[in-house]
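Structure at a glance
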Amino acid sequence: MAAKIIDGKKIAELTRADIAARAAQLEAQSGVKPGLAVIIVGDNPASQVYVRNKKKACEQAGMYSVVIEMPGDTTQEALMKQIEALKTDDKIHGILVQLPLPAHLDEDAVIAAIPPEKDVDAFHPVNTGKIMIGDYDFLPCTPAGVMKLLEHEGIEIAGKECVVVGRSNIVGKPQAMLLLHANGTVTVCHSRTKNLADVTRRADILVVAIGKANFITGDMIKPGAVVIDVGMNRLENKKLCGDVDFASCSEVAGAITPVPGGVGPMTITMLLENTLTAAKKAIGKNL
Ligand code: NDP
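1. Section: the site of the ligand
What surrounds the ligand is a group of 21 residues, the closest being Arg167, Ser168, Ser191, Met232 and Thr267. Take Ser191: an N or O atom from its side chain is 2.5 Å from an oxygen atom of the ligand. In the model, an oxygen atom of the ligand is placed 2.7 Å from a nitrogen or oxygen of the Thr267 side chain. Protein chains shield 72% of the accessible area of the ligand, which is 930 Å² for the free molecule. Among the residues forming the shell around the ligand, the class breakdown is 9 nonpolar, 10 polar and 2 charged.

2. Topic: the sheet that holds strand β1 (residues 4-5)
Strand pairing in a sheet relies on backbone hydrogen bonds. The paired strands run either parallel or antiparallel. If you trace the 6 strands from one edge of the open sheet to the other, you get β1-β11-β8-β7-β5-β6, paired in parallel fashion. Two strands lie at the open edges of the sheet, namely β1 and β6 (185-189), each paired on one side alone. Here strand β5 (residues 161-165) runs beside β6; their pairing, made up of 5 bridges, is parallel. Within β6, the residue paired with Glu161 across the bridge is Thr185. Where helix α7 (residues 172-181) meets the sheet, it contacts β5, β6 and β7 (205-208), and its direction lies at approximately 170° from that of β5.

3. Re helix α6 (residues 141-152)
Compared with the 16 Å implied by 1.5 Å per residue over 12 residues, the 16 Å span of α6 between its first and last C-alpha is a close match. Buried residues dominate α6, accounting for 9 of its 12 residues. Considering only its buried residues, α6 is in contact with α1 (8-30), α7, β7, β8 (226-229) and α10 (264-283). Immediately downstream of α6, the backbone of Gly154 shows phi near 70°, a positive value.

4. Remarks on the packing of α6 against α7
In the contact formed by α6 and α7, the axes pass within 8 Å of each other and the chain directions differ by 35°. The way α6 lies across α7 gives a crossing that is right-handed. Only Pro174, Gln175, Leu178 and Leu179 of α7 make contact with α6, whose side of the interface consists of Thr142, Pro143, Ala144, Val146, Met147 and Leu150. Of the residues contributing to the contact of α6 with α7, the split by class is 8 nonpolar, 2 polar and no charged.

5. Brief notes about the packing of helix α5 (residues 125-133) against α7
In the contact formed by α5 and α7, the axes pass within 9 Å of each other and the chain directions differ by 30°. Classed by the angle they form, the pair α5 and α7 counts as roughly parallel. Packed against α5, whose contacting residues are Ile131, Met132 and Ile133, the element α7 presents Met177, Leu178 and His181 at the interface. Grouping the amino acids of the contact of α5 with α7 by side-chain chemistry returns 5 nonpolar, 1 polar and no charged.

6. Focus on the domain arrangement of the protein
Annotation of the protein at the domain level lists domain 1 (31-115) and domain 2 (141-264). One C-alpha centre belongs to domain 1, the other to domain 2; they are set 29 Å apart.

7. Description of the side chain of Thr257
Here Thr257 shows up in the loop between β11 (255-256) and α10. Among the polar contacts listed, one links the side chain of Thr257 to the backbone nitrogen of Asp229, at a separation of 2.8 Å. With residues near it in sequence (within four places) discarded, Thr257 still touches Ile6, Leu149, Val227, Ile228, Asp229, Phe246, Gly262 and Val263.

Rules of the game
- Residues numbered from 1 in each chain as written.
- Predicted model: local features only at pLDDT ≥ 70, side-chain atom pairs only at ≥ 80, totals over all residues.
- Heavy atoms only, no water.
- Near = heavy atom within 4 Å.
- Polar contact = N/O pair within 3.5 Å; in protein donor to acceptor, adjacent residues only side chain to side chain.
- Areas by Shrake-Rupley, 256 points an atom, 1.4 Å probe, with all protein chains shown as cover.
- Nonpolar A, V, L, I, M, F, W, Y, C, P; charged D, E, K, R; others polar.
- Pairing = 2+ DSSP bridges.
- Helix = DSSP H or I, 4+ residues; strand = E, 2+ residues; numbered from the N terminus.
- Contact = heavy atoms within 4.5 Å.
- Axes fitted to C-alpha atoms, helices over the stretch in contact; angles between N-to-C directions.
- Expected span 1.5 Å × (residues − 1).
- Buried < 20%, exposed > 50% of the residue type's maximum accessible area, 1.4 Å probe, protein only.
- Left-handed = near helix turned anticlockwise from the far one by under 90°.
- Parallel < 35°, antiparallel > 145°, perpendicular 65-115°, else oblique.
- Domains from an automatic or database assignment.

Here it is, written out as structure tokens:
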């Protein structure tokens, strides 16, 4: 039987409408418009698209947004100065530095320079630590978007076998932690995992974030499993595809996210949620 397709685009639209309503309420009550600053260094075309989309999404949600474009040969010092200026800018509640940065810049130092209360990507070690102990203000956008999809679809996590393939700091690790906080029984796989298919076939909920096109095939999943594909891979024909082979997996899974139109639209949505949270915390409102 063909799997139910989880419509991330639709769920993102509904969530963004709700965020926009809450942002408008905040502004009406306090006069404060949630504000996001995005810094982009260099001219990576993919990053430029992501940044444009973030600005557009902010504006559509009634939020203030500014993009700071810096040349590819920007020095560490100049970038740090820019972050420093945004730290004290009252109109800006969230600061995001678009990654990856050019190789001569120290990404870890840049992330650490963003004040945790404006760190809407939730990459700062303080926010990472808070996620670990389950007492957080912000969640990293992609794993948070996955949790929102599961919640919207009414998918029970407690007691389920959850397998996360990929252990990056921005997706795999926090994803595993969020599933654990939701009482899933969580296994994390990576490039050194032996007999990967034996592990993925155990999953009631399988989240894949490895960056390898069509890597997970139908024979690697349990019949009826929920399959969440975080991957975004550009094929030679310029088409976007996930880490999951949709054709074979959708024949076996119970529910599955497509690429595009699955996790992708949720990532920016959760950035808006974090920006709203940052603004509320800045003015002490708990709406
Ligand atoms: P990274 O490259 O940082 O991490 C990839 C992870 O996959 C690593 O942990 C790696 O293992 C693991 N891995 C690689 N090959 C295999 C394999 N053959 N078997 C098992 N595990 C493997 O990637 P990201 O987490 O940043 O991104 C993953 C994917 O998600 C990419 O396609 C990216 O474009 C996409 N993405 C999508 C987003 C969205 O909004 N939809 C947002 C962020 C990312 P090891 O640690 O051992 O090297």
